[in-house]
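Commentary on secondary and tertiary structure
One-letter residues, chain by chain:
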Amino acid sequence: MDNALLERLETVREAIARACREAGRPEDAVALVAVSKTHDGEAILPVLEAGQRIFGENKVQEAKAKWPALRERFDDIELRLIGPLQSNKAGEAVALFDVIESVDREKIARELAKEMTKQGRRPRLYVQVNTGEEEQKAGIATTEAVDFVARCRDEHGLQIEGLMCIPPADDKPGPHFALLEKIAREAGVAKLSMGMSGDYEIAIGFGATSVRVGSAIFGARDYG
Ligand SMILES: *Cc1c(COP(=O)(O)O)cnc(C)c1O
């Protein structure tokens, strides 16, 4: 069982390296974020032992329940929040995560700034952009993203490292990745978190600097 897991991890690593080569980018230009949501510490451990250090979780409470114990065994883990953040969880998120990829509104920016000052911790930040303008999806509107990045900096003292998007499930992802890249350029932001199990190789062709891969590594999720 572990063997299948490690084979999948290796396959993903190789596919990332190949996509980088094909895009004429250095093989280390793209960071792999292993999305471990719904999987417990026991499932995550072999992936840590195989050298993977960057992980993504979409819920603050779930991450809080499993990562402190894993961090006692591996002190160089980088944990990323990739799911929507409620403002009343901003404090816990700042305490737990090294990167928060889901900054998408003024209130969150304000709460994060307050907590970062209070705790003296500065997780790196990404703004999530709703490239498909989907009503049910988190993320700032494409037309507001550049201004929002500037306001994070000028009004809240928050440096934004990159942008993140989740294209609509039924769309071709390429145009969404291209749009995110264009907005990032306009906003003066360097990093692009885009691409999941089904489309991370495509995202690398459009300039992704990190890809968030869950099921292609851990297998299908069981939400119970
Ligand atoms: C779950 C999730 C992923 C990983 O999805 P897979 O299709 O399993 O690779 C990536 N990004 C976000 C924001 C997610 O919630």
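Residues numbered from 1 in each chain as written. Predicted model: local features only at pLDDT ≥ 70, side-chain atom pairs only at ≥ 80, totals over all residues. Heavy atoms only, no water.

Here the distance between the centres and the angle between the planes together describe a pair of aromatic rings. In the structure shown here, the tally under the stated rule is two aromatic pairs. Judged by centre distance (4.9 Å) and plane angle (45°), the rings of phenylalanine 55 and tryptophan 67 are tilted. With phenylalanine 55 in strand β2 (residues 54-57) and tryptophan 67 in helix α3 (residues 60-73), this pair connects stretches of sequence that are twelve residues apart. Each member of the pair, phenylalanine 55 together with tryptophan 67, is buried. Here the aromatic rings of phenylalanine 177 and phenylalanine 206 are separated by 6.3 Å at their centres, their planes lie at 55°, and the arrangement is tilted. (Phe/Tyr/Trp six-rings, centres within 6.5 Å; stacked < 30°, edge-to-face > 60°. Helix = DSSP H or I, 4+ residues; strand = E, 2+ residues; numbered from the N terminus. Buried < 20%, exposed > 50% of the residue type's maximum accessible area, 1.4 Å probe, protein only.)

Moving on: the pairing of strand β5 (residues 124-130). The buried count for β5 comes to six of seven residues, which makes it a mostly enclosed element. For the segment spanning strand β4 (residues 99-103), helix α5 (residues 106-119) and β5, crossover handedness is right-handed. Taken together, the four bridges between β5 and strand β7 (residues 160-164) define a ladder with parallel strand orientation. In the sheet register, valine 127 faces β7, and the bridge partner there is leucine 163. When β5 meets strand β6 (residues 140-141), the two strands line up parallel, connected through two bridges. Paired with valine 129 across the strands is isoleucine 140, a residue of β6. (Right-handed = clockwise from strand over helix to strand, strands pointing away. Pairing = 2+ DSSP bridges.)

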